[in-house]
Amino acid sequence: MESVDMTPSSSTHIQQPLALSDSFTLRRLQTWDRMAVEALCNESFPIQYPDCWYDEVVSGGLLSTGLFDGEQLAAMVVSETKFLYDCNLEDQGILPSSNAHVAYILSIAVDKKFRRLGLATRLLNNLMSSLSDHPPYPRAVFLHVLSTNSAALSFYKMHGFEFHASLPYFREYYRIGEQLADGCTYVKYINGTYTNVTFTDVCRTFGNTICMPLKAICKMLSF
């Protein structure tokens, strides 16, 4: 699922919007919010969600939270917590144990009129606090995002998410109209968990450690 937000360009722009975001009401999405949720997603994302997805968002099947300006839905975040073994195969390398709980962010959307106010940051911070304070205490939070969505990529990197894997277009994660698009997976490790270092990562690091000094010596001897 795609995640979108407009990211402030510097720290001087972060402080004031965060204060503004506090004036919005935070609450769980309810069945009567369905039309507003669908309108916000259609405005925010280039992909189309099925009707059953919207039903699940507002019926409690997913953890769905919105920020409201009065009665108007200004922003929302949708996530779910599950065992790693219930995730797609390409995501199961996030952690070494498939019995661990992970949280998956399906969507973050902000109404165009309310962007650059820190709403996505407030929603994400609220979600992360909830995941850290309540069982089952997932060990990682991950999401999928279009590779071309530079605003979302900058936003998640700013909030500590790390690139995990590419999702080539032929896996059909994203279909925009009749075209397939590339995506990627980003992860943030929480609750005392750290980056999952694979054997390949160790070999790559070891190789770089050995090769770099040798390259420098060969370069000196070539003069």
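Residues numbered from 1 in each chain as written. Predicted model: local features only at pLDDT ≥ 70, side-chain atom pairs only at ≥ 80, totals over all residues. Heavy atoms only, no water.

- Under an unreviewed UniProt entry, the name given to the protein is N-alpha-acetyltransferase 60, and the source organism is Caenorhabditis elegans.
- UniProt, in its Sequence similarities (unreviewed entry) section for the protein, records the words "Belongs to the acetyltransferase family. NAA60 subfamily." (UniProt positions renumbered as here; feature names shortened; annotations may be inferred.)

1. Focus: the overall build of the protein
So, step 1. Across its full length, the protein carries 6 helices and 9 strands.
So, step 2. Residue burial in the protein is summarised as follows: out of 223 residues, 41% are buried.
So, step 3. If you take every contact in the protein between residues at least 6 apart in sequence, the share linking residues at least 24 apart comes to 72%.
So, step 4. Accessible area of the protein: about 12100 Å², with a carbon and sulfur share of 57%. (Helix = DSSP H or I, 4+ residues; strand = E, 2+ residues; numbered from the N terminus. Buried < 20%, exposed > 50% of the residue type's maximum accessible area, 1.4 Å probe, protein only. Contact = heavy atoms within 4.5 Å. Areas by Shrake-Rupley, 256 points an atom, 1.4 Å probe, with all protein chains shown as cover.)

2. Quick notes on the pairing of strand β5 (residues 140-146)
So, step 1. Among the 7 residues of β5, 7 are classified as buried, and the element is accordingly described as predominantly covered.
So, step 2. Neither face of β5 is left uncovered, since the one carrying Ala140, Phe142, His144 and Leu146 and the one carrying Val141, Leu143 and Val145 both have all their residues buried.
So, step 3. Pairing geometry for strand β4 (residues 101-110) and β5, over 4 bridges, is parallel. When the bridges of β5 are listed, Tyr104 appears paired with Phe142.
So, step 4. Note on the crossover from β4 through helix α4 (residues 119-133) to β5: the handedness is right-handed. (Pairing = 2+ DSSP bridges. Right-handed = clockwise from strand over helix to strand, strands pointing away.)

3. Details of the packing of aromatic side chains
So, step 1. Summed over the entire model, instances satisfying the criterion amount to 10 aromatic pairs.
So, step 2. Between Phe24 and Phe114, the aromatic rings sit 5.5 Å apart at their centres with planes inclined by 90°, giving edge-to-face as the arrangement. On the criterion of sequence distance, the pair formed by Phe24 in the loop between α1 (15-21) and β1 (25-28) and Phe114 in the loop between β4 and α4 is long-range, its members being 90 residues apart.
So, step 3. Using a relative accessible area of 8% as the deciding quantity, one classes Phe24 as buried.
So, step 4. The exposure class of Phe114 is buried, given its relative accessible area of 9%.
So, step 5. Seen from their ring centres, Phe163 and Tyr186 are 5.8 Å apart, and the 80° between their planes marks the pair as edge-to-face. Highlighted residues: Phe163 in strand β6 (residues 162-167) and Tyr186 in strand β9 (residues 183-189), separated in sequence by 23 residues.
So, step 6. Accessibility expressed as a relative area gives 46% for Phe163, which makes it partly exposed.
So, step 7. Feature note: the residues Phe45, Tyr49, Trp53 and Tyr54 constitute an aromatic cluster, connected by ring pairs. (Phe/Tyr/Trp six-rings, centres within 6.5 Å; stacked < 30°, edge-to-face > 60°.)

4. Considerations on the environment of Leu119
So, step 1. The residue Leu119 is located in helix α4 in this model.
So, step 2. On the basis of relative accessibility, which here comes to 2%, the residue Leu119 falls in the buried class.
So, step 3. With near-sequence residues (within four places) excluded, Leu119 lies in contact with Ser21, Phe24, Leu67, Ala74, Ala75, Val110 and Phe114.

5. So, the environment of Phe142
So, step 1. By secondary structure assignment, the location of Phe142 is in strand β5.
So, step 2. Residues Phe142 and Tyr186, spaced 44 residues apart in sequence, show a C-alpha to C-alpha distance of 5.5 Å.
So, step 3. The residues contacting Phe142, other than those within four sequence positions of it, are Cys87, Asp91, Ile94, Val102, Ala103, Tyr104, Ile105, Thr185, Tyr186 and Val187.

6. Some points on the nonpolar core
So, step 1. In terms of nonpolar packing, the biggest core is built from 32 residues, with Val37, Cys41, Trp53, Val57, Met76, Ile94 and Leu95 touching the most fellow members.
So, step 2. Mapped onto this core, the elements with two or more residues apiece are α2 (34-44), α3 (51-59), β3 (72-83), β4, β5 and β9.
So, step 3. Ranked by size, the runner-up nonpolar core spans 28 residues in total, among them Ala74, Val77, Leu153 and Cys184. (Core = buried A, V, L, I, M, F, W, Y, C linked by side-chain atoms within 4.5 Å.)

7. Structural notes on the sheet that holds β9
So, step 1. What the 7 strands build is an open sheet, ordered β1-β2-β3-β4-β5-β9-β6; its pairing is mixed. Each edge of the open sheet is held by one strand with a lone partner, namely β1 and β6. Neighbouring strand axes in the sheet, compared pairwise and without regard to direction, differ in orientation by 25° on average.
So, step 2. Strand direction decides the pairing type here: β6 and β9, joined by 5 bridges, are antiparallel. (Axes fitted to C-alpha atoms, helices over the stretch in contact; angles between N-to-C directions.)

8. Quick look at the environment of Ile105
So, step 1. One can find Ile105 in strand β4.
So, step 2. With a relative accessible area of 0%, Ile105 lands in the buried category.
So, step 3. Taking the C-alpha atoms as reference points, Ile105 and Val77, 28 residues apart in sequence, are found 7.5 Å from one another.

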